[in-house]
Amino acid sequence: MRGKAGVITGAASGIGRAAAVLFAQNGAKLALADMNQAELEQTTRLVEEAGGEVFCQVVDVAEEEQVRALIDEAAKRFGQLDFICNNAGITGKMATLETEDPADWLRVYAVNVLGAMFGCKHAAPHLIARGGGAIVNTSSVAGVRAGAGGNAYSASKAALINFTRTAACDLGQFNVRVNAVCPGLIETGMTKPVFDYARQAGKEAKLGSRCELRRYGRPEEIATAMLFLASDESSYITGQALPVDGGNTC
Ligand code: NAI
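Residues numbered from 1 in each chain as written. Predicted model: local features only at pLDDT ≥ 70, side-chain atom pairs only at ≥ 80, totals over all residues. Heavy atoms only, no water.

### Some thoughts on the side chain of Thr43
Counted only if it meets this: Helix numbers and strand numbers start at the N terminus; a helix is a DSSP run of H or I with at least 4 residues, a strand a run of E with at least 2. Counting of polar contacts relies on pairs of N or O atoms within 3.5 Å, with two restrictions inside protein: one atom must be capable of donating a hydrogen and the other of accepting it, and residues adjacent in sequence are counted only when both atoms are side-chain atoms. The contact criterion used throughout is that any non-hydrogen atoms of two residues lie within 4.5 Å.
Mapped onto the elements of the fold, Thr43 is located in helix H2 (residues 37–49). Among the polar contacts made by the side chain of Thr43, one reaches the main-chain carbonyl oxygen of Ala11 at a distance of 2.7 Å. The contact partners of Thr43, leaving out residues within four places of it in the chain, are Ala11, Ala12, Ser13, Arg17, Ala20 and Leu32.

### With respect to the sheet that holds strand S6 (residues 176–183)
This is how the line gets drawn: By definition, two strands form a pair when at least two bridges between them are found by DSSP. Lines fitted to C-alpha atoms define the axes, with helix axes restricted to the stretch in contact, and inter-axis angles between N-to-C directions lie between 0 and 180 degrees.
Spatial strand order, S3-S2-S1-S4-S5-S6-S7: 7 strands in an open sheet with parallel pairing. In this open sheet, the two strands that pair with only one neighbour each are strand S3 (54–58) and strand S7 (241–244). On average, adjacent strands in this sheet sit at an angle of 15° to one another, irrespective of strand direction. Relative to S6, strand S5 (residues 133–138) runs parallel, the two sharing 6 bridges. Residue Asn137 lies in a different strand from S6, and its bridge partner there is Ala180. Together, strand S4 (83–86), S5, S6 and S7 form the strand contacts of helix H7 (residues 219–230), whose direction differs from that of S6 by roughly 165°.

### Brief notes about helix H1 (residues 14–25)
Operational definition: The span expected for a helix works out to 1.5 Å for each residue beyond the first. Accessible area is worked out with a 1.4 Å probe on protein chains only. A residue is then buried under 20% of its type maximum, exposed over 50%, and partly exposed in between.
Helix length check: H1 (12 residues) gives 17 Å between terminal C-alpha atoms against 16 Å at 1.5 Å per residue, within 8%. For H1, a buried count of 10 out of 12 residues is recorded, marking the element as mostly surrounded by other parts of the structure. Turning to H1, its buried residues are Ile15, Gly16, Arg17, Ala18, Ala19, Ala20, Val21, Leu22, Phe23 and Ala24. Residues of H1 that are buried sit in contact with strand S1 (5–9), strand S2 (29–34), H2, S4, S6 and H7. In the stretch just after H1, Gly27 is the one whose phi turns positive, near 100°.

Structure below.
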């Protein structure tokens, strides 16, 4: 990644933070975005400690103008843009069909689907101008397999997978690759309530039991897959959704 510059959203926490540190350790220049300013600044400090050239911006990825401004600023400061990781995401409320809240669905879609679409839309001209680049969207195993309770999240992550494929069709001719990672259960801020509940109930061992490796994952294990897909190491891979889930979907 030395000599490359790009954007990571959802960088204040969990997978996005792990990716920011790993990308910086591998030489990338980074523009980091999130809504959580204090934790975003903490990630920025970690990236600086890793020797990375970095700036951060508070952005709501559901707001197109904010996403566009972030990407244009990154391209201006670094003089180039080579990749974007559309990683910010929210789960929305757990609900059954009877209790579904349309407002919750709209917000989940706005962040998880539109947010990634805005990132692709506004990064694409810069990547095309560079002669090529990479886009990595963070989907989920929830977008591949079904599970009760998280309908909006699951539907949004499935939509993100197919959006990834169609964007790859649009951008392949310009040597811009578009892929997704589909993490399994990872311990992050997003899943803290699940982990807290399981630990209190003495059921931590059960947390990873749905996958073949029989353990949950670490943010760094998703970050390595994101690095691969953002780098030239994956130069002939596009339009794919890579499960990184310990065998949850195998
Ligand atoms: P996290 O909650 O630790 O990090 C998500 C970050 O996104 C937070 O810093 C949050 O402030 C930020 N964010 C939320 N809405 C935003 C918005 N509108 N604009 C900008 N930033 C926003 O969670 P985690 O696990 O690191 O999530 C990263 C991605 O991985 C998400 O897309 C999530 O859906 C996905 N994922 C996570 C899994 C897990 O088990 N933790 C499993 C599968 C997918």
